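If you want the building blocks of each chain, they are given just below.
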Amino acid sequence: MSTTPTIVLVHGAFGDSGMWKGVIARLQAQGYTTLAVSNPLRGLESDAQYAATVARTVDGPVVLVGHSYAGAIITRAARDASNVEALVYVAAFQPDEGESALENASRFPGAKMGPDTTVATEYEGEPELRILPEHYQDVIAGDLPAEITDVLAVTQRSVRVQALTAELSGQPAWRTLPSWAVVATQDNAIPAQAQEFMAERAGSHIVRVAASHAVSISQPDAVATLIVEAAKATR
């Protein structure tokens, strides 16, 4: 069994696993095995169970990384995957017990995700959200050029509203595992002040990056560097 941790990456809402492309390339160049979870975006408990299942397939230690809504997922999933040894939050939610993603997004002013920038559709009786294409760059990726954000706006995956409103059940994994956090200081989806509050409360090792919510795309070096720091700390 390898003692070098595998990096398991979980994308958030309004994106897909492609958001990790630049980060993965940098991690692989340094010899790290990586897995990118295709997040179902259906509900906090079920999404967390899926991520935990992927983590448990790894024969060895895991660093579990979550972006945006996936921060809530890894906070729950790590409790059910005993090989997870560290958590990395990338412009992400770090909820405590009884808190939801939307609650934490609105804890401080500045979030631009709302009824004016999103559209709701219904599937199987459940409402789902997407960012309106004309607002995608401003809300998610203000530091990326239009030719990139125009594609991201089209390829984004919808998230069930219940995933964003579900409250975390039980103790958050950051209470028992070491954690690291990338705070995106130009984030219009999760205000930087909210990210700071959650990361400080969790006792995370914090790195602040002048980037949008899409920090893994616009600043892959900074994100990969922090993940490697977490991975080395587990050895």
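Residues numbered from 1 in each chain as written. Predicted model: local features only at pLDDT ≥ 70, side-chain atom pairs only at ≥ 80, totals over all residues. Heavy atoms only, no water.

**Digging into the packing of helix 1 (residues 21-29) against helix 10 (residues 220-233)**
For the pair helix 1 and helix 10, the least separation of the axes is 9 Å and the interaxial angle reads 50°. The angle between helix 1 and helix 10 places the two elements in the oblique class. Crossing of helix 1 over helix 10 shows right-handed handedness. Contact residues: helix 1 offers Gly22, Val23, Arg26 and Leu27, while helix 10 offers Pro220, Asp221, Val223, Ala224, Ile227 and Val228. Classifying every residue of the contact of helix 1 with helix 10 gives seven nonpolar, one polar and two charged. (Axes fitted to C-alpha atoms, helices over the stretch in contact; angles between N-to-C directions. Helix = DSSP H or I, 4+ residues; strand = E, 2+ residues; numbered from the N terminus. Parallel < 35°, antiparallel > 145°, perpendicular 65-115°, else oblique. Left-handed = near helix turned anticlockwise from the far one by under 90°. Contact = heavy atoms within 4.5 Å. Nonpolar A, V, L, I, M, F, W, Y, C, P; charged D, E, K, R; others polar.)

**What to know about the environment of alanine 163**
Within the secondary structure, alanine 163 is located in helix 7 (residues 161-165). Since its relative accessible area comes to 2%, alanine 163 is described here as buried. When the C-alpha positions of alanine 163 and serine 46 are compared, they lie 9.2 Å apart, and in sequence the two are 117 residues distant. (Buried < 20%, exposed > 50% of the residue type's maximum accessible area, 1.4 Å probe, protein only.)

**Regarding the nonpolar core**
Across soluble globular proteins, you tend to see nonpolar side chains buried next to one another. One finds Leu64, Val84 and Leu87 to be the most contacted residues of the largest nonpolar core, which totals 54 residues. Top contributing element to this core by residue count: helix 2 (residues 44-56), with six residues. Leu9, Met19, Val63 and Val90 belong to the second-largest nonpolar core, a separate cluster that totals 27 residues. (Core = buried A, V, L, I, M, F, W, Y, C linked by side-chain atoms within 4.5 Å.)

**Thoughts on the packing of helix 5 (residues 133-140) against helix 6 (residues 146-155)**
Interhelical geometry of helix 5 versus helix 6 gives an angle of 115° and a closest axis separation of 9 Å. Along this stretch, helix 5 crosses helix 6, giving a crossing that reads as right-handed. Residues Pro133, Tyr136 and Gln137 of helix 5 pack against Ala146, Thr149, Leu152 and Ala153 of helix 6. Here the contact of helix 5 with helix 6 is built from residues that sort into five nonpolar, two polar and no charged.

**Here's the deal with the sheet that holds strand 2 (residues 34-37)**
Reading across the sheet, the six strands line up as 2-1-3-4-8-9 and stay open at both edges, with parallel pairing between neighbours. Taken across any chain shown, the strands that pair with only one partner, and hence form the sheet edges, are strand 2 and strand 9 (205-209). Taking each pair of neighbouring strands and ignoring which way they run, the sheet shows an average axis angle of 15°. Alignment of strand 8 (residues 179-184) against strand 9, held across five bridges, turns out to be parallel. Each residue of the ladder has a partner; that of alanine 181, found in strand 9, is isoleucine 206. (Pairing = 2+ DSSP bridges.)

**Examining the sheet that holds strand 7 (residues 159-160)**
Strand order in the open sheet formed by three strands is 5-6-7, and the pairing between neighbours is antiparallel. Among the strands making up the open sheet, the edge pair consists of strand 5 (118-123) and strand 7. Pairing between strand 5 and strand 6 (residues 126-131): six bridges, direction antiparallel. Bridge pairing in strand 6 places glutamate 122 opposite proline 127.

**Section: the pattern of salt bridges**
Under the defined criterion, the tally for this structure stands at 10 salt bridges. In this structure, arginine 26 engages aspartate 221 in a salt bridge whose closest nitrogen and oxygen atoms are separated by 2.6 Å. Here the residue arginine 26 occupies a position in helix 1, and aspartate 221 occupies one in helix 10, the gap between them amounting to 195 residues. The exposure class assigned to arginine 26 is partly exposed, which follows from its relative accessible area of 29%. Across the pair arginine 160 and glutamate 124 runs a salt bridge whose closest N-O atoms are separated by 3.3 Å. Taken as a pair, arginine 160 in strand 7 and glutamate 124 in the loop between strand 5 and strand 6 lie far apart in primary sequence, 36 residues in all. Owing to a relative accessible area of 61%, glutamate 124 belongs among the exposed residues under this scheme. A single network of salt bridges, built from pairs that share partners, joins Glu45, Arg76 and Asp80. (Salt bridge = Lys/Arg side-chain N within 4 Å of Asp/Glu carboxyl O.)

**Comments concerning the pairing of strand 2**
Summarising the sheet, strand 1 (residues 6-10) and strand 2 pair through four bridges and their orientation is parallel. Its bridge partner being in strand 2, isoleucine 7 is matched across the sheet by threonine 34. Handedness of the strand 1-helix 1-strand 2 crossover: right-handed. (Right-handed = clockwise from strand over helix to strand, strands pointing away.)

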